[in-house]
Amino acid sequence: MNKSMEKYLIVLIMIPLLLFSSIFSVNGEVPVIASRVSKINENIDIIISGDHYNPNKTLFEMSLEVEILNRDNKNQTVIELDIPEYVVQINASFVNQSLELEQLGMVIDEGASYIYPSGITKENGSILFYINQSGLSQLPDGNYTLWRPINTASSLGWVAPAEVLLTNITVISGVMNIYYADFVIYTLPELSSEISIVLVITLLISCAILVVNRRRTKTA
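The notes below deal with the structure included here. (Residues numbered from 1 in each chain as written. Predicted model: local features only at pLDDT ≥ 70, side-chain atom pairs only at ≥ 80, totals over all residues. Heavy atoms only, no water.)

**Here's the deal with the packing of aromatic side chains**
Here is step 1: All chains considered together, the criterion is met by 2 aromatic pairs.
Here is step 2: Ring centres 5.5 Å apart and planes at 15° place the aromatic pair Phe60 and Phe129 in the stacked group. Taken as a pair, Phe60 in strand S3 (residues 58–70) and Phe129 in strand S10 (residues 119–131) lie far apart in primary sequence, 69 residues in all.
Here is step 3: Residue classification places Phe60 among the buried positions, given a relative accessible area of 1%.
Here is step 4: Phe129 gets classed as buried once you look at its relative accessible area, which sits at 0%.
Here is step 5: Where Phe94 meets Tyr144, the ring centres are 5.6 Å apart and the plane angle is 85°; that geometry is what we call edge-to-face. With Phe94 in strand S6 (residues 89–94) and Tyr144 in strand S11 (residues 142–147), this pair connects stretches of sequence that are 50 residues apart. The burial state of Phe94 is the same as that of Tyr144; both residues are buried.
Here is step 6: The lysine or arginine in question, Arg36, covers the ring of Phe183, its NZ or CZ lying 5.3 Å from the ring centre. (Phe/Tyr/Trp six-rings, centres within 6.5 Å; stacked < 30°, edge-to-face > 60°. Helix = DSSP H or I, 4+ residues; strand = E, 2+ residues; numbered from the N terminus. Buried < 20%, exposed > 50% of the residue type's maximum accessible area, 1.4 Å probe, protein only. Lys NZ or Arg CZ within 6 Å of the ring centre and 35° of its normal.)

Structural data, given as structure tokens:
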């Protein structure tokens, strides 16, 4: 076999091998479903009346937007085993260590299923939380972390991991800075029947050429 033909065969064989290896790598390492808090309204409301008002604490309401990413090219069903009334969670560490954050909400002990199409699905909502000091007019200095939990499971109870990205808020001297995490957006590759046939034919042709050239070499 001449060197040019040998190189040609190597290229033909390596292309499908690399494609298959990338598929196995992505499927094994990258979760199909991911979530993040993608937008926070900086005009945070302070609630001074209503059922949740507490004169010894300050009640904040934060409006926000969430994005759920489905990296697959087909719909994904997410079964939430426990459904929080406020799906976004928040915690904080304050400069004033005597302060504490307490999020309002409850967990409803029943499952529900949600279908997420390929790409990004947006959710809008708000969260309520106390800080244990009365009369606050803004968020106290400190670091705040927000995330949208994804408790995925199948109908058989098998838990599928999801990627939950964190959004951070830093408040310094009353100035709020928000740092959003970014998705790594690409779809999980899925071989269509056409691609599969092309790969099989390519491999068969490569093997046939290799056999023919070996026979020619022996008879020469």
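**Quick look at the pattern of salt bridges**
It is possible for side chains of opposite charge to pair when their charged atoms get near one another.
Here is step 1: Taken as a whole, this structure holds 6 salt bridges when the rule is applied.
Here is step 2: Linking Arg36 and Glu67 is a salt bridge whose minimum nitrogen-to-oxygen distance equals 3.0 Å. Taken together, the residues span a long stretch of sequence, with Arg36 in strand S1 (residues 33–40) and Glu67 in strand S3 at a distance of 31 residues. The two residues Arg36 and Glu67 agree in class, both being buried. (Salt bridge = Lys/Arg side-chain N within 4 Å of Asp/Glu carboxyl O.)

**Some remarks on the environment of Gln138**
Here is step 1: Inspection of the secondary structure assignment puts Gln138 in the loop between S10 and S11.
Here is step 2: For Gln138, a relative accessible area of 43% puts it in the partly exposed group.
Here is step 3: Residue contacts for Gln138: discarding those within four places in its chain leaves Ile46, Phe60 and Gly174. (Contact = heavy atoms within 4.5 Å.)

**As for the environment of Asn73**
Here is step 1: Relative to the elements of secondary structure, Asn73 occurs in the loop between S3 and strand S4 (76–80).
Here is step 2: Judged by its relative accessible area of 40%, Asn73 is partly exposed.
Here is step 3: In this structure the C-alpha to C-alpha distance between Asn73 and Gly119, which are 46 residues apart in sequence, comes to 7.8 Å.

**Examining the sheet that holds S11**
Here is step 1: Taken together, the 4 strands give an open sheet; going across it, the order is S6-S11-S13-S14, and neighbouring strands pair in antiparallel fashion. One side of each edge strand has no neighbouring strand; the edge strands of this open sheet are S6 and strand S14 (175–179). Averaged over neighbouring strand pairs, the angle between their axes works out to 15° when direction is ignored.
Here is step 2: Inspection of the sheet shows S6 paired to S11 by 6 bridges, in the antiparallel sense. Across the sheet, the residue bridging to Phe94 is Gly142, located in S11. (Pairing = 2+ DSSP bridges. Axes fitted to C-alpha atoms, helices over the stretch in contact; angles between N-to-C directions.)

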